[in-house]
Every structure is written in structure tokens, then in C-alpha cells.
Amino acid sequence: MGNEEQDITGKALDINTIMKILPHRYPFLLVDRVLEVSENRIVGIKNVTMNELFFQGHFPGKPIMPGVLILEAMAQAGGVGALSHKDNVGKLAYFLSINNAKFRKPVVPGDTLRMEIDITKRKTSILQCRAVAKVDGEVVTEAEMTFALIKPNEAE
Ligand code: BDE
């Protein structure tokens, strides 16, 4: 059986498994590992290094991870969580809306972003989440996110 046909909730996921779930690729795959996936929660990791492309310009001599890319990393972690659920295998997650985003602390090279996503509302094709990103146990970014879950043949 192909991995895309399995329900992987309850397991940790390595990068190879993440790449079977998400279509994102370099330089835009922003989840390195998933520590836990369950029915209503996913915890993802993004390791931030000085080699990131975006630090060349954001900012010269003062590397700070762009807030919108932290939101993107949290959305990708949420997408892994959504698409790991047995009802959603083989679907795509479209990022529909983001609300109440807050950038509380800067994220810099060497930081390990821990993205904790809790599903707050689940319908057949809509998912709402509360996302919190932490570094060393401190909240750096938080937001509420909504996704549409689409079967690829309905996505055209
Ligand atoms: C603080 C909270 C959430 N996100 C980012 C910050 C933050 O410290 N940003 N700092 C940006 C910044 C940019 C440039 Br150019 C610069 O020279 C310096 Br001194 C900065 O702190």
C-alpha cells in the first residue's frame, strides 16, 4: 500500500514522509519533522539556519526570519495534520484565511521553531486551527488559520 493511502495519525513523521504528504519543495518546504500527529493536534519542527535563502535580504547584517514565512511554516504543519487524517488522504489543503496573527519575538538563525497546531473546527471540507510557534518554550508567533480540503479532481 502506498503511504498516501494510510492513516498515519499517532506517529512521528520524518522528512521523507512529509514530502509524500506536502507538494512543497526547496526553497519552500518549511517543515523538517513532525513530532506528533493525532486527531486534533500536530506538532511540527522547522530548524532555522544561517543558510536560509531569505536571510540574504531579511536583513543584511541582521538575520530575522520573515513573519510571513513563519505563518507559512505553521500553515504547512497544519496541512500535514489535516492531510494525515484518514478522511483526507489524497486531498489538497488550500490556505483560505488567517486571522489574529501576532509576531511576538524575532526568529533567528539557530532557532528551532516548534509549531503546535490544534484543530478547533472540523467540517467535511473546511478546517480551522489555532497555531502557536515557540522557540525554547516561548511563544514567537501565533495565528488562527482556515483551510479548504479539496479532492484533486475537484480542484481544477
Ligand atoms: C520583534 C518582534 C517580532 N518580530 C521581529 C522583531 C524584531 O526585533 N525585528 N527587528 C527587525 C530589525 C530590522 C533591522 Br533592518 C534592524 O537593523 C534591526 Br536592529 C532590527 O531589530
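Each remark here, short or long, concerns the structure printed above.
Please read all numbers here as calculations on a predicted model, not as lab measurements.

Trainee: Would you mind showing me how to read the pattern of salt bridges here?
Mentor: Opposite charge on two side chains allows them to pair when their charged atoms are near. Applying the stated criterion across every chain yields a total of 11 salt bridges. As a salt-bridge pair, lysine 46 and glutamate 52 come within 2.8 Å of each other at their nearest N and O atoms. The same class applies to lysine 46 and to glutamate 52, which are both buried. Linking glutamate 144 and arginine 130 is a salt bridge whose minimum nitrogen-to-oxygen distance equals 4.0 Å. Taken together, the positions of glutamate 144 in strand β6 (residues 138-150) and arginine 130 in strand β5 (residues 126-135) put the pair 14 residues apart, joining distant regions of the chain. Here the salt bridges share partners, and the residues they tie into one network are Glu36, Arg41, Arg114, Glu116, Asp118 and Lys134.

Trainee: Quick question: what am I supposed to make of the nonpolar core here?
Mentor: A general trend in soluble globular proteins is that nonpolar side chains are found buried together. Ranked by size, the top nonpolar core spans 39 residues in total, and within it Met65, Met74 and Ile117 carry the most contacts. Of all the elements in the fold, those that place two or more residues in this core are α1 (15-21), β1 (33-38), α2 (67-84), β4 (112-122), β5 and β6. Here this core takes 10 residues from α2, the largest share from any one element. If we ignore the near neighbours within four places in the chain, the residues touching methionine 65 are Val48, Phe54, Phe55, His58, Ile70, Val107 and Leu113.

Trainee: In this structure, what is going on with the sheet that holds strand β3 (residues 92-103)? I would like to understand it.
Mentor: By definition, the strands of a sheet pair up through backbone hydrogen bonds, in either a parallel or an antiparallel sense. As summarised here, the arrangement of the six strands in space is β1-β2-β4-β5-β6-β3, forming an open sheet in which the pairing is antiparallel. Every interior strand has two partners, whereas the edge strands, β1 and β3, have only one. The average undirected angle you get between the axes of adjacent strands in this sheet is 20°. Inspection of the sheet shows β4 paired to β5 by eight bridges, in the antiparallel sense.

Parameters at a glance
Residues numbered from 1 in each chain as written. Predicted model: local features only at pLDDT ≥ 70, side-chain atom pairs only at ≥ 80, totals over all residues. Heavy atoms only, no water. Salt bridge = Lys/Arg side-chain N within 4 Å of Asp/Glu carboxyl O. Buried < 20%, exposed > 50% of the residue type's maximum accessible area, 1.4 Å probe, protein only. Helix = DSSP H or I, 4+ residues; strand = E, 2+ residues; numbered from the N terminus. Core = buried A, V, L, I, M, F, W, Y, C linked by side-chain atoms within 4.5 Å. Contact = heavy atoms within 4.5 Å. Pairing = 2+ DSSP bridges. Axes fitted to C-alpha atoms, helices over the stretch in contact; angles between N-to-C directions.

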